[in-house]
Amino acid sequence: DQQVKQNSPSLSVQEGRISILNCDYTNSMFDYFLWYKKYPAEGPTFLISISSIKDKNEDGRFTVFLNKSAKHLSLHIVPSQPGDSAVYFCAARPRPLYNQGGKLIFGQGTELSVKP
Amino acid sequence: EAGVTQFPSHSVIEKGQTVTLRCDPISGHDNLYWYRRVMGKEIKFLLHFVKESKQDESGMPNNRFLAERTGGTYSTLKVQPAELEDSGVYFCASSQVPQRQGSSPLHFGNGTRLTVT
């Protein structure tokens, strides 16, 4: 049973516009949520994170929103640039009570394509 | 600072053969994780080492998979005998502190793409 879901396998956006990537999770056992970005033939790289006690975190062009009641988070990229084209993974970290070593649970990824 | 390195980058083997993947974490990182991504699906946790000890191996699929980290430096992941469903990209990641302490992100290697035919 998948606990972190990214239901959109792909997204295409025009350069300069906003990209919105979505992620849903199934329970309240997570204390941190993270977004990773992955280029072809490379490993995922950390982008931005948010604690479960917050509802927004911003870093430059990237903002993550957390809606705990809906068990939903989203990543906004404004303005989108062609170099943002990559696969974006949402990840969640179970609370220490459920997670002795700190493993992350990832979604399936969403492939973002930013057109010039 | 050198990043996480994985070897080989690609491996094609036949069903029933043995393959060993290697991961060199960032120097000084005690925490080492193995993950796997199969057929464009989610990235799944396999196991976590703290130095040479296995902290959590709850994600290992079955006893055909054996991970070691002798001396607490590099790690190997051996698949023996390989099956078709083992195909995928195997990622190694390391961190200085466990992920459970704060939000210190994982540093991933570029992965090993394993194809079992």
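Sequence order as written defines residue numbering, which begins from 1 separately in each chain. Think of it this way: whatever chain is written first is A, whatever ligand is written first is 1, and the rest follow in order. Owing to the predicted nature of the model, reporting of local features is limited to residues with pLDDT of at least 70; listing and counting of side-chain atom pairs is limited to 80 or more, with chain, interface and lining totals taken over all residues. Side-chain numbers here rest on the full set of heavy atoms in the structure, without hydrogens or water.

Let us now look at the pattern of salt bridges. Salt bridges are counted wherever a side-chain nitrogen of Lys or Arg sits within 4 Å of a carboxyl oxygen of Asp or Glu. For the structure on display, the rule yields eight salt bridges over all chains. Residue Asp31(A) pairs with Arg93(A) through a salt bridge whose shortest N-O separation is 3.0 Å. With Asp31(A) in strand β4 (residues 30–38) and Arg93(A) in strand β9 (residues 86–94), this pair connects stretches of sequence that are 62 residues apart. The same class applies to Asp31(A) as to Arg93(A), namely buried. Note that Glu42(B) and Lys44(B) form a salt bridge whose closest N and O atoms lie 3.9 Å from each other. Assessed through its relative accessible area of 13%, Glu42(B) is described here as buried. A run of H or I in DSSP counts as a helix once it spans at least four residues, and a run of E counts as a strand once it spans at least two, with each numbered from the N terminus. Buried means the residue's accessible area, taken with a 1.4 Å probe over protein chains only, is under 20% of the maximum for its type, while exposed means over 50%, and partly exposed covers the values in between.

Residues and elements named next belong to chain B. Cysteine sulfur atoms are paired as a disulfide whenever they fall within 2.5 Å. Within this structure, the stated rule accounts for two disulfides over all chains. Between the sulfur atoms of Cys 23 and its disulfide partner Cys 92 the distance amounts to 1.8 Å. Negative torsions about the S-S bond denote left-handed disulfides, and the value of about -60° found for Cys 23 with Cys 92 makes this one left-handed. In this pair, Cys 23 is assigned in strand β3 (residues 19–24) and Cys 92 in strand β9 (residues 88–95), connecting sequence segments 69 residues apart. On the basis of relative accessible area, Cys 23 is assigned to the buried category, the value being 0%.

Attention now moves to the interface of chain A and chain B. Frequently, the measure chosen for interface size is the accessible area removed from exposure when the parts meet. The contact criterion used is simple: two residues touch if any of their non-hydrogen atoms lie within 4.5 Å. Listed by partner, the interface residues are 22 residues for chain A and 24 residues for chain B. Two parts placed together each lose some accessible area under a 1.4 Å probe, and adding up what both lose gives the buried area. Interface area, chain A with chain B, both sides summed: about 1,900 Å², of which 57% is carbon and sulfur. Where chain A touches chain B, the interface holds zero salt bridges. Pairing of N or O atoms within 3.5 Å defines a polar contact, subject to two protein rules: one partner must be a possible hydrogen donor and the other a possible acceptor, and residues neighboring in sequence count only if both atoms are side-chain atoms. Here chain A is connected to chain B by five residue pairs in polar contact (both at pLDDT 80 or more). Elements that contribute at least two residues to the side of chain A that touches chain B include exactly β4, β5 (45–51) and β9 of chain A. The element best represented in the side of chain A that touches chain B is β4(A), accounting for four residues. The residue inventory of the side of chain A that touches chain B, partitioned by class, reads nine nonpolar, nine polar and four charged. Following the grouping adopted for this structure description, the nonpolar residues are Ala, Val, Leu, Ile, Met, Phe, Trp, Tyr, Cys and Pro, the charged ones are Asp, Glu, Lys and Arg, and the polar ones are all others, Gly among them.

Residue and element names in this part refer to chain A. By convention a nonpolar core is built from buried Ala, Val, Leu, Ile, Met, Phe, Trp, Tyr and Cys residues, the set being connected through side-chain atoms within 4.5 Å. In terms of nonpolar packing, the biggest core is built from 25 residues, with Phe 30, Phe 33, Trp 35, Leu 73, Leu 75 and Tyr 88 touching the most fellow members. Breaking this core down by element, the ones donating at least two residues are β3 (19–25), β4, β5, β7 (62–67), β8 (72–77), β9 and β11 (110–115). By residue number, the principal contributor to this core is β9, which donates four residues. Apart from residues lying up to four places away in sequence, Tyr 88 is in contact with Gln 6, Leu 21, Trp 35, Tyr 36, Lys 37, Leu 47, Leu 75, Ile 77, Gly 109, Thr 110 and Leu 112.

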